[in-house]
Amino acid sequence: MSCITSTKIFILFNEGVLEAFNPSRGLRQGDPISPYLFILCIEYLGHLIEKKCMEGVWKPLKASRDNIGISHLFFTNDLILFAKVDKDSCEAISKVLNEFCEESGQKVSMDKSRVYFSPNVQAEIRSVTCARLGIQAMDNIGNYLGFSINQKGVARNMLNFIAKRVMSKLSRWKARFLSFTGRSVLVKSVMSSIPNYVMQATALTAHLCEKLDKINSDFLWGSTSEKRRLHLVGWSKIIRPKEEGWLGIQVTRAKNLALLAKLNWRMNQEKDSLWVQVILRKYCSVDKRRAGDSDKPPASPNWRAIKAGFQTFADRICWGVGDRERIKLWSNCWIRGSSLRELIDGPLTQREIDLKLSDMFLGLGQVWKWDVLSFELPLSIKDRIKAIPRQ
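Computed from a predicted structure; not experimentally measured.

A.B. asks: Talk me through the layout of surface pockets; I want residue IDs and the actual numbers.
C.D. replies: Considered as a void within the structure, the second largest pocket measures approximately 330 Å³ in volume. Around the second largest pocket, the lining comprises 15 residues; the ones closest to its centre are Met-167, Ile-215, Asp-218, Ser-223 and Thr-224. Those elements that place two or more of their residues in the lining of the second largest pocket are helix 6 (172–177) and helix 9 (206–221). Here the lining of the second largest pocket gets 5 residues from one element, more than from any other, and that element is helix 9. Tallied by class, residues from the lining of the second largest pocket come to 5 nonpolar, 5 polar and 5 charged.

Written as structure tokens, this is what we have:
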């Protein structure tokens, strides 16, 4: 902090420079340099924690037997520490926090801090641990963006708060003062904001999806619990895209599956990230795959959501063709999950069987050489090949 307290500040006033002074109050919220200093300080705290872990006095927690040990997670304004409940871990946590506070000048708010224990920890051990740390215990971590963090399962009524929030936004009085177009715009706006966060990592129940669709349909046509109105157009037509002349309102279930398929895509692309490694080592380990029924519960709601969106993800992914040297033209599944042999019947010559994809492609002009085959491919297959992304 010496680079901050030793500096001098000049104020320009009426085109003149006032007398210099030294800042004595430290950094305040909104200071442009505070994010960088925060990152530097927190990185130092991370090194202190890792040092204690290497010494063996701080024992990180694991989501499964052979999983990655997690000792800490840093957020913008908060941090979460993970450790085994014993005397050594309590002393290590206290020493690390005290050393960090002495070096950085910051302080830990004990009143705002809480300890969350596993249900298997005895009450006597909980009280002793809280006394050593000087932090109170809690039974529930709470909510994040309105969603419960430590959920034991997604019961039918646990996610009803989504429907309540949507209904509060689509109030009855708004339907009376808005035109049909205005109600349509409001439905799209509400459905694109309120349920999105939960649907990205949770498979909504069929009952809730139907309930949300009914709320949208009733608001669109001005129906209420007291007064029902005739729905002049069926919901199956309302949800069709604008390109076909309809409103393009998204169906809740389809949107939920699309977001879960996106979560599968993130898992596929971010294989080195911490959250992906923890999930894969817990649910896709060798022991899990060798089990007779690998899909048998127990499983977290997040894993069940990933499995719910996997089929949508798998049906819509395809290879991105690179240098094409190692891809066999007929046997490899490079056409949207299918091989060219599965799409074409009839005999092939030995020369055609040995063809690689690179033999059928001109790199300079990005043109396919259809004449390397002794027959003409159907136009539909050519269109599917042309649609494959090239890297």
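A.B. asks: Hey, could you go over helix 3 (residues 87–104) for me, with residue numbers and the actual values?
C.D. replies: Spanning 18 residues, helix 3 covers 26 Å between terminal C-alpha atoms, matching the ideal 26 Å at 1.5 Å per step. When we look at burial in helix 3, the residues that qualify are Ser-89, Cys-90, Ala-92, Ile-93, Val-96, Leu-97, Phe-100, Cys-101 and Ser-104. Buried residues of helix 3, seen end-on, are gathered within an arc of 165° and therefore sit on one face of the element. Projecting away from the buried face of helix 3 at angles above 90 degrees are the exposed residues Lys-95, Glu-102 and Glu-103.

A.B. asks: For the packing of helix 3 against helix 4 (residues 123–133), give the residues involved together with the corresponding values.
C.D. replies: Geometry of a packed helix pair, given as the angle between the helix axes and the separation of the axes. Put simply, helix 3 and helix 4 touch, their axes get as near as 10 Å, and they point 25° apart. Comparing the axis directions of helix 3 and helix 4 gives the class roughly parallel. Relative to helix 4, helix 3 is oriented so that their crossing is right-handed. In this structure, helix 3 uses Lys-87, Cys-90, Ile-93 and Ser-94 to contact helix 4, whose residues at the interface are Thr-129, Arg-132 and Leu-133. Tallied by class, residues from the contact of helix 3 with helix 4 come to 3 nonpolar, 2 polar and 2 charged.

A.B. asks: Residues and numbers for the pattern of salt bridges, please.
C.D. replies: Pairs can form between side chains of opposite charge whenever their charged atoms are close. Summed over all chains, the structure comprises 6 salt bridges. A salt bridge links Arg-266 to Glu-270; the nearest nitrogen and oxygen atoms lie 3.3 Å apart. The salt bridge involving Glu-376 is made with Lys-382; its shortest N-O contact spans 2.3 Å. The exposure class of Lys-382 is buried, given its relative accessible area of 11%. Overlapping salt bridges bring together Lys-214, Asp-218 and Arg-228 as one network.

A.B. asks: Requested: an account of the confidence of the model for the protein, with residues and values cited.
C.D. replies: Of all residues in the protein, 86% attain a pLDDT of 70 or more, and the chain-wide mean is 82. Helix 11 (residues 252–269) holds the highest mean pLDDT among the elements of the protein, 92, whereas helix 1 (residues 2–5) holds the lowest, 57.

A.B. asks: An account of the packing of aromatic side chains is requested, with residue identities and associated values reported.
C.D. replies: Per the stated rule, a full pass over the model turns up 7 aromatic pairs. When the ring of Trp-334 is compared with that of Trp-368, the centres are 6.3 Å apart and the planes differ by 20°; the resulting orientation is stacked. Of this pair, Trp-334 sits in the loop between helix 14 (301–315) and helix 15 (340–343) while Trp-368 sits in strand 10 (residues 367–368), placing them 34 residues apart in sequence. Taken individually, Trp-334 and Trp-368 each receive the classification buried, so the pair is uniform in this respect. Arranged with centres 6.1 Å apart and planes meeting at 25°, the rings of Trp-368 and Trp-370 form a pair that is stacked. With respect to class, Trp-368 is no different from Trp-370; both count as buried.

A.B. asks: Any chance you could break down the side chain of Asn-196 for me, citing the residues and the numbers?
C.D. replies: With respect to the helices, strands and loops of the structure, Asn-196 is situated in helix 8 (residues 196–199). Beyond its immediate stretch of four places on either side in the chain, Asn-196 contacts Met-191, Lys-255 and Leu-259.

A.B. asks: Could you give me a rundown of the side chain of Ser-89, with the residues and numbers involved?
C.D. replies: For Ser-89, the location among the structural elements is in helix 3. Within the structure, Ser-89 has its side chain in polar contact with the backbone oxygen of Lys-84 (distance 3.1 Å). If near-sequence neighbours (up to four positions away) are discounted, Ser-89 is found in contact with Val-57, Trp-58, Lys-59, Ala-83 and Lys-84.

A.B. asks: So what's going on with the nonpolar core? Which residues, and what values?
C.D. replies: Within the largest apolar cluster, 23 residues are counted, with the highest numbers of intra-cluster contacts made by Ile-162, Val-166, Leu-170, Leu-204, Leu-208 and Leu-212. Mapped by element, the contributors of at least two residues to this core are helix 5 (160–169), helix 7 (180–191), helix 8 and helix 9. Not counting residues up to four positions away in its chain, the partners in contact with Leu-204 are Leu-159, Ile-162, Val-198, Met-199, Cys-209, Leu-212, Thr-252, Arg-253 and Asn-256. By size, the runner-up hydrophobic cluster in this structure holds 20 residues, among which are Met-360, Trp-370, Val-372 and Leu-373.

About the thresholds
Residues numbered from 1 in each chain as written. Predicted model: local features only at pLDDT ≥ 70, side-chain atom pairs only at ≥ 80, totals over all residues. Heavy atoms only, no water. 1 Å grid on protein atoms, 1.4 Å probe; cavity = no way out; pocket = protein on both sides within 12 Å on 5 of 7 lines; lining within 4 Å. Points joined across faces, edges and corners; volume = space filled by probe spheres on them. Helix = DSSP H or I, 4+ residues; strand = E, 2+ residues; numbered from the N terminus. Nonpolar A, V, L, I, M, F, W, Y, C, P; charged D, E, K, R; others polar. Expected span 1.5 Å × (residues − 1). Buried < 20%, exposed > 50% of the residue type's maximum accessible area, 1.4 Å probe, protein only. Arc of directions from axis to C-beta. Axes fitted to C-alpha atoms, helices over the stretch in contact; angles between N-to-C directions. Parallel < 35°, antiparallel > 145°, perpendicular 65-115°, else oblique. Left-handed = near helix turned anticlockwise from the far one by under 90°. Contact = heavy atoms within 4.5 Å. Salt bridge = Lys/Arg side-chain N within 4 Å of Asp/Glu carboxyl O. pLDDT = per-residue confidence, 0-100. Phe/Tyr/Trp six-rings, centres within 6.5 Å; stacked < 30°, edge-to-face > 60°. Polar contact = N/O pair within 3.5 Å; in protein donor to acceptor, adjacent residues only side chain to side chain. Core = buried A, V, L, I, M, F, W, Y, C linked by side-chain atoms within 4.5 Å.

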